[in-house]
Amino acid sequence: MEEKKGFLGCFADPSGRLMSFTESKMILKENVSEYQPKLIKQAMLTLCWILALFVSVTEVREINLPGCSHVEPQIRYRAISDEEFVLQCALPGRDTTHIYKNSLLKQHKVKWFWHQKGQEPLKAIKESSNLVLQGDALRFKPVRDSDSGVYICVIWEEVPCLKIVLEVQTKAAAKCSGYDKNTLYLLAGTGNSITCPGTKCFSHIIKPDVKWYKDGHQIKHRKSRQSLKLKHNEIYLNPTYDKDAGTYVCDYTLYDNTTKWTMRTAVTVEVIAKNTIHPPNFLYPNGVVILEAELGKPLELECRVQFGFENVSSLRITWKRKNKENINEKLNQETSVCTKGLKGYTLLHVAKLKEVTERDLRSNFTCFAENSVGNATAVIQLKRKQRVFLLYVLYSAISTLFAFLLCTALIYQHWIEIVLMYRSYLVHNETTGDGKEFDAFVSYAKLDSAESDSTLISEEKFALEILPDMLENKYGYKLCILERDVLPGGAYTDEVVTAIKQSRRTIIILSPAYISGPSMFELQAAVNCALEDKKIKLVLIKFQAFQEPETLPPVVKKALRILPVITWKSSISAAPNKKFWKYMHYHMPAKTTKTLGNCSLKDFFQRLFSLVYQQQKFHRGMAAGSGMVT
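Residues numbered from 1 in each chain as written. Predicted model: local features only at pLDDT ≥ 70, side-chain atom pairs only at ≥ 80, totals over all residues. Heavy atoms only, no water.

**Description of the pairing of strand β11 (residues 211–214)**
For the record, the criterion: Only strands that DSSP links by at least two bridges are regarded as paired with each other. Helix and strand definitions follow DSSP, with helices as H or I runs of at least four residues and strands as E runs of at least two, each counted in order from the N terminus.
Pairing of β11 with strand β15 (residues 246–256), which is carried by four bridges, proceeds in the antiparallel orientation. Considered in β15, the bridge of Y213 is made with V249. Across two bridges, the pairing between β11 and strand β12 (residues 217–218) is antiparallel. By the bridge assignment for β12, K214 is matched with H217.

Encoded structure:
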């Protein structure tokens with residue numbers, strides 16, 4: 001009966017035998033401490049009884065196979081002792097399963113059970129050193145007399161079960177003469193034959209044609225494979241290919257009295273190449289290689305060597321340390337196969353150093369490889385790895401790059417503030433010695449009261465109140481507003497041109513009324529003056545959205561496209577820290593700001609100009625009245 005382990009270790013005796021349900025209950029009662037509370041003891045007993053019952057039911061369900069144990073065997077096999085044998089969970093001739101393909105899927109679906117003749121109970125088959133589960137087949141390596149018995153295989157969800165009788169006989173009992181080898185080495189590219197070893201047995205019995213199988217498929221004559229032919233008990237291959245390697249199974253029928261038996265033997269075929277005529281070839285290292293190593297750290301030395309095929313292998317590969325203290329010191333090393341093919345294979349040989357020492361830096365590590373043709377060597381030398389210096393360089397580069405990106409982001413976000421700060425402290429006063437009287441001339445749409453509306457009043461308020469309050473009172477600039485700062489009496493065009501030429505900047509407040517009105521003359525005059533005097537620059541304020549008329553002069557159209565434009569939003573307050581005023585400050589001349597003194601001086605001149613203007617207006621009115629009287 002199959003042994004069961006687990007379930008808290010409660011239901012197996014010291015020998016590993018699965019206890020019955022009654023035995024497990026008795027032992028559980030004895031092991032539960034009498035000092036535990038009564039409720040806890042009852043709960044533990046109840047839980048263990050349930051688990052014991054589950055194990056018992058599961059075991060019975062796995063071993064007792066309804067409809068299989070008492071049926072007649074569907075097939076009987078005979079095998080030769082101490083030779084390889086394959087037992088397949090399928091009737092001969094049915095190409096329904098594959099021994100070597102889809103093995104992982106089939107292994108989960110096929111279950112095998114067996115018992116020896118006259119012995120009970122039925123046992124579940126598990127893999128061992130000489131028994132391998134491959135897909136839906138059992139492979140004996142080799143089969144022995146003790147393997148004789150009844151085998152039952154179950155393929156879940158496909159067929160109920162298949163019952164097979166296996167009888168293993170010795171070569172003497174089977175009357176075998178000149179028994180052929182079960183392992184053949186066939187040279188690739190040449191003609192070869194595979195003979196069924198079982199035909200040398202039972203020589204007193206007339207044998208019918210032999211049926212051959214390979215990888216679960218019956219071998220038949222095929223027009224697509226002209227190099228394979230079947231004749232009596234042999235397979236002829238001419239030429240032999242790599243794909244011809246594998247396990248071949250040959251069956252023939254014999255009768256013992258009235259009992260029908262299938263005599264089955266297996267042949268393992270390996271396709272080989274000609275023995276190599278070259279010594280080992282080093283893929284790495286090639287010659288002498290210098291490898292960087294860090295003191296105190298573990299290190300693995302790799303050696304990749306390509307060996308040609310040899311029927312009788314005599315290869316040898318090893319790592320050795322060579323230095324002044326010890327000439328041939330062996331190292332801790334291991335070998336693994338990287339690639340394997342018909343013409344040879346590549347080995348990876350690794351020597352492991354627990355930690356690199358100064359002695360390792362003074363040593364030569366030699367990889368020695370040898371086969372029947374010759375030998376070859378390769379050398380690895382270690383040098384100290386300058387880790388700290390490279391680490392500092394890496395950290396410095398990353399820190400510099402990070403600082404550069406951070407500074408770039410800050411400059412991009414606050415470039416106006418940086419420029420204004422630079423102009424306040426490092427740039428000389430732009431207004432000194434240029435002969436200009438004003439810092440900026442303000443141009444806006446001027447309409448009489450009949451044409452004015454709330455929007456134009458807001459525009460005039462911006463030009464006459466908000467703009468001067470910020471640029472003059474906060475930043476210390478001197479603006480030129482035609483109605484306020486230019487004495488009347490001259491021609492309008494001459495006054496505008498003169499005021500623009502006396503100013504360092506011309507501020508144009510653009511709006512639909514400005515573009516379509518007479519104030520466009522001031523923009524055109526400012527553009528012409530800027531072309532003549534490079535010190536004059538134009539600053540455009542987009543007060544309201546507008547559409548350019550087609551009648552604009554070409555020079556004005558070009559100016560509107562290329563000159564800087566600052567957009568005013570009615571929701572923007574007049575606070576100096578807003579972006580609009582920062583842009584205005586940026587486009588104005590660089591000038592040292594004098595807060596208290598400058599404001600007081602400006603207030604004085606404004607009152608003076610206002611008084612003079614009122615007196616002149618009074619005198620003109622008086623003169624006009626006298627003329628009328630006259």
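**Some details on the environment of V154**
Convention followed: Burial classification: accessible surface area is computed with a 1.4 Å probe over protein chains only, and a residue below 20% of its type maximum counts as buried, one above 50% as exposed, and the rest as partly exposed.
Looking at where V154 falls in the secondary structure, it is placed in strand β7 (residues 149–155). Take V154: its relative accessible area is 3%, and that puts it in the buried class. On a C-alpha basis, the gap between V154 and C68 in space is 9.1 Å, while along the polypeptide they are 86 residues apart.

**Quick word on the state of the cysteines**
Rules: Two cysteine sulfur atoms make up a disulfide if the distance between them is within 2.5 Å.
On inspection of all chains with the given rule, the structure shows four disulfides. There is a disulfide in this structure between C89 and C153, and the S-S distance comes to 2.0 Å. Judged by the torsion about the S-S bond (85 degrees), the C89/C153 disulfide is right-handed. Separated by 64 residues along the polypeptide, C89 in the loop between β2 (83–88) and α3 (103–109) and C153 in strand β7 bring together distant segments of the chain.

**Quick word on a positive patch on the surface**
For clarity, the cut-off: To count toward a patch, a residue needs a relative accessible area over 30% and no salt bridge; like charges are then connected within 9 Å, while nonpolar side chains (Val, Leu, Ile, Met, Phe, Trp, Tyr) are connected within 5 Å. Each accessible area value is a Shrake-Rupley result obtained with a 1.4 Å probe; residue values ignore everything except the protein chains displayed when judging cover. Note on definitions: salt bridges are taken to be side-chain nitrogens of Lys or Arg within 4 Å of carboxyl oxygens of Asp or Glu. When charges are tallied, Lys and Arg are placed among the positive residues and Asp and Glu among the negative ones, while His and the ends of the chain are skipped. Here the site of a charge means atom NZ of a Lys, CZ of an Arg, CG of an Asp or CD of a Glu.
Where like charges cluster on the molecular surface, the positive patch consists of K211, K220, R222 and K260. Along the chain, the position of K260 falls in strand β16 (residues 259–272). Judged by its relative accessible area of 47%, K260 falls in the partly exposed class.

**Brief notes about the environment of Q88**
Among the secondary structure elements, Q88 is positioned in strand β2. Put simply, Q88 and D136 are 48 residues apart on the chain and 6.3 Å apart in space, counted from C-alpha to C-alpha.

**Considering the packing of aromatic side chains**
Given two aromatic rings, their pairing is described by the distance between the two centres and the angle made by the two planes. We apply this condition: Pairing of aromatic rings covers Phe, Tyr and the six-membered ring of Trp, with a centre-to-centre limit of 6.5 Å; geometry is then stacked below 30 degrees between planes, edge-to-face above 60, and tilted otherwise. To sit over a ring, a charge needs its Lys NZ or Arg CZ within 6 Å of the ring centre and within 35 degrees of the ring normal.
Tallying each qualifying case throughout the model produces eleven aromatic pairs. The interplanar angle of 50 degrees and the centroid separation of 4.6 Å between the aromatic rings of F462 and W568 together place this pair among those described as tilted. Of the two residues, F462 sits in helix α7 (residues 454–474) while W568 sits in the loop between β30 (565–567) and α13 (579–587), which places them 106 residues apart along the sequence. Taking relative accessible area as the criterion, W568 reaches 10% and is therefore assigned buried. Here the aromatic rings of F580 and W581 are separated by 4.9 Å at their centres, their planes lie at 85 degrees, and the arrangement is edge-to-face. Look at F580 and you get buried, because its relative accessible area is 4%. Accessibility expressed as a relative area gives 0% for W581, which makes it buried. Taken together, the ring pairs connect Y77, F85, W114, F140 and Y151 into an aromatic cluster. Of note, R76 hangs over the ring of W261, and the distance from its end group to the ring centre comes to 5.9 Å. Between K243 and the ring centre of Y241, over which it is positioned, the NZ or CZ distance is 5.7 Å.

**Examining the sheet that holds strand β14 (residues 234–237)**
Test applied: Think of each axis as a best-fit line through the C-alpha atoms, taken over the contacting stretch in the case of a helix, with angles from 0 to 180 degrees between the N-to-C directions.
Read from one edge of the open sheet, three strands run β10-β14-β13, paired in antiparallel fashion. Single-partner strands in this sheet number two, and they are β10 (192–195) and β13 (228–231). Taking each pair of neighbouring strands and ignoring which way they run, the sheet shows an average axis angle of 20 degrees. The pairing of β13 with β14 spans four bridges and is antiparallel. The residue bridging K229 from the neighbouring strand is Y236, located in β14.

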